[in-house]
Amino acid sequence: MVVAEEDLRARVEGRVGYITLTRGKVLNAVNRTIVDRMTEVLAAWAEDPTVALVMIDADSEKAFSAGGDLSAMYHFGKSGDYQSGNDFWRDEYRLNAMIDRFPKPYVPFMDGIVMGGGVGISAHGSHRIVTEHSVVAMPECAIGLIPDVGGSYLLRQAPGRLGEYLGLTGTRMNGADAVYAKFADHYVPRERLADLKARLIETGDVGEISRFEVAAPASDLEARLFDIARIFSGPTVEAIRDMLAEDEAEWALKAHEAISKASPISLLCTLWAVRGGRSLPEALRNEYRFVSRVLEHGDFVEGIRAVIIDKDRNPKWRYAALEAVPQCSLCQMTAEAEGGDPDFG
């Protein structure tokens, strides 16, 4: 099977089912075409005895994928077409679950920027590769969303309280941090990627990765693990924010600033999500409950406006502070999805 479209190329080379994202001009934002075609080819390759493993990369060194298609979501929200947005999220999350349980090795090359939706099509893989140029993050609170595409589950698996820290602040990880936080498995210098890909295509053997990887450098996250845990084990976002305000360390000041600027609804629901889903299907279910309402009742449309459309970086959130968010709003955003929760496996 060969799929060649404007947004991606999917083909079989040697022993490998090979997907390359080709939306470099928009940092390979995950759109409907990518979700549908990836779902199609993965279903076929799972049953194809000539395919030993799957690789996914991008044709841009700048970004593997910087997130989802925010412009499309903005259009859905502004036009009141909430169902199209919800349908996309449902199908995207099912793709994330498919990657997690894929019966063959799934090898994403997480080189360059990997955020949001890009994390969803990479970090659920079995043999996740980062480089010295990787930038991995879940910055959704800054645009009125929550870490989704199974991101809340990945954050929950991170050591200590890194999940709460990374989810609430959107802090960017380098390749070493991503390995330490369990978002990646192998650290391979960019200059070795081409030879590694060629070797995998020839052999279909993921054991070859060990010949090209190197030990990841020391992680700044590991060095701050105790201090992060001390603060981000707080029972509420308000408590975490207040403890950050009392800490004079540079990382704490930056974390406090990020939380102060983010959507209050998103922050509160992010803590709920990261401390919630104990399995990927449960996490996806929780995330879907939130996102299926966020276009109509949350801050996502305003967040996209401020960052992508008008670019004024000055969002007017629905509620001005964490303390101003009513309990009924949180209950609305986290209750069972209308019509019942989708099945994510």
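Structure's up top.
Read on for an overview of the structure. (Residues numbered from 1 in each chain as written. Predicted model: local features only at pLDDT ≥ 70, side-chain atom pairs only at ≥ 80, totals over all residues. Heavy atoms only, no water.)

Core analysis: the largest hydrophobic core is formed by 91 residues, its most contacted members being Met38, Leu42, Phe183 and Phe232. When sequence neighbours within four positions are dropped, the list of residues in contact with Phe232 reads Arg161, Glu164, Tyr165, Leu168, Thr169, Ile240, Leu244, Trp251, Ala255, Ile259 and Arg275. In terms of nonpolar packing, the next biggest core, distinct from the first, is built from 15 residues, Val16, Met55, Val107 and Phe212 among them. (Core = buried A, V, L, I, M, F, W, Y, C linked by side-chain atoms within 4.5 Å. Buried < 20%, exposed > 50% of the residue type's maximum accessible area, 1.4 Å probe, protein only. Contact = heavy atoms within 4.5 Å.)

Within this model, the largest pocket holds a volume of roughly 1400 Å³. Contributing to the lining of the largest pocket are 50 residues, with Pro139, Ala142, Ile143, Val307 and Arg313 lying nearest its centre. Broken down by secondary-structure element, the contributors of at least two residues to the lining of the largest pocket are helix H2 (70-79), helix H3 (82-100), strand S7 (113-115), helix H6 (162-169), helix H12 (250-261) and helix H15 (300-309). Top element by residues in the lining of the largest pocket is H12. It accounts for seven residues. Here the lining of the largest pocket is built from residues that sort into 28 nonpolar, 10 polar and 12 charged. Within this model, the second largest pocket holds a volume of roughly 220 Å³. (1 Å grid on protein atoms, 1.4 Å probe; cavity = no way out; pocket = protein on both sides within 12 Å on 5 of 7 lines; lining within 4 Å. Points joined across faces, edges and corners; volume = space filled by probe spheres on them. Helix = DSSP H or I, 4+ residues; strand = E, 2+ residues; numbered from the N terminus. Nonpolar A, V, L, I, M, F, W, Y, C, P; charged D, E, K, R; others polar.)

With that settled, the discussion passes to the packing of helix H13 (residues 264-274) against helix H14 (residues 280-297). At a minimum axis distance of 11 Å, the contact between H13 and H14 shows a crossing angle of 170°. With respect to each other, H13 and H14 are oriented roughly antiparallel. Together, Ile265, Ser266, Cys269 and Trp272 of H13 and Asn286, Phe290 and His297 of H14 make up the contact between the two elements. The residue inventory of the contact of H13 with H14, partitioned by class, reads four nonpolar, three polar and no charged. (Axes fitted to C-alpha atoms, helices over the stretch in contact; angles between N-to-C directions. Parallel < 35°, antiparallel > 145°, perpendicular 65-115°, else oblique.)

Another aspect to go through is the pairing of strand S3 (residues 16-21). A large share of S3 lies buried, amounting to six of its six residues. Residues Val16, Tyr18 and Thr20 of S3 are buried on one face, and the alternating residues Gly17, Ile19 and Leu21, pointing to the opposite face, are buried as well. Across six bridges, strand S2 (residues 8-13) lies against S3 in antiparallel orientation. Bridged to Val12 within S3 is Gly17. Here S2 folds back onto S3 in antiparallel fashion, the turn holding two residues, of which Gly14 has a positive phi close to 60°. Read from S3 through helix H1 (residues 32-46) to strand S4 (residues 53-58), the crossover connection turns out right-handed. (Pairing = 2+ DSSP bridges. Right-handed = clockwise from strand over helix to strand, strands pointing away.)

Next up on the list: the packing of aromatic side chains. The geometry of an aromatic ring pair comes down to the distance between the two centres and the angle between the two planes. Counted under the stated rule, the structure contains seven aromatic pairs. Taking 6.5 Å as the distance between ring centres and 85° as the angle between the ring planes, the aromatic pair formed by Tyr93 and Tyr288 counts as edge-to-face. Of this pair, Tyr93 sits in helix H3 while Tyr288 sits in helix H14, and the two are 195 residues apart along the sequence. Take Tyr288: its relative accessible area is 9%, and that puts it in the buried class. Counting every residue linked through ring pairs, the aromatic cluster contains Tyr93, Tyr288 and Phe344. Sitting above the plane of the Tyr18 ring, Arg11 keeps its charged end 3.8 Å from the centroid. (Phe/Tyr/Trp six-rings, centres within 6.5 Å; stacked < 30°, edge-to-face > 60°. Lys NZ or Arg CZ within 6 Å of the ring centre and 35° of its normal.)

Once that is clear, we can look at the pattern of salt bridges. Under the criterion given, the structure shown has 27 salt bridges. A salt bridge links Asp242 to Arg241; the nearest nitrogen and oxygen atoms lie 3.0 Å apart. (Salt bridge = Lys/Arg side-chain N within 4 Å of Asp/Glu carboxyl O.)

A few words on the environment of Asp69. Assignment of secondary structure puts Asp69 in the loop between strand S5 (63-65) and H2. With 52 residues separating them along the chain, Asp69 and Gly17 place their C-alpha atoms 25 Å apart. Once residues within four sequence positions are removed from consideration, Asp69 is found in contact with Arg23, Ala29, Val30 and Asn31.

Let's shift gears to the packing of H6 against H13. Viewed as axis vectors pointing N to C, H6 and H13 meet at an angle of 150°, and their least axial separation amounts to 10 Å. In terms of orientation, H6 and H13 fall into the roughly antiparallel class. Between H6 and H13 the crossing geometry is right-handed. In contact with Gly163, Glu164, Gly167 and Leu168 of H6, H13 contributes Leu267, Thr270, Leu271 and Val274. Grouping the constituent residues of the contact of H6 with H13 by class yields four nonpolar, three polar and one charged. (Left-handed = near helix turned anticlockwise from the far one by under 90°.)

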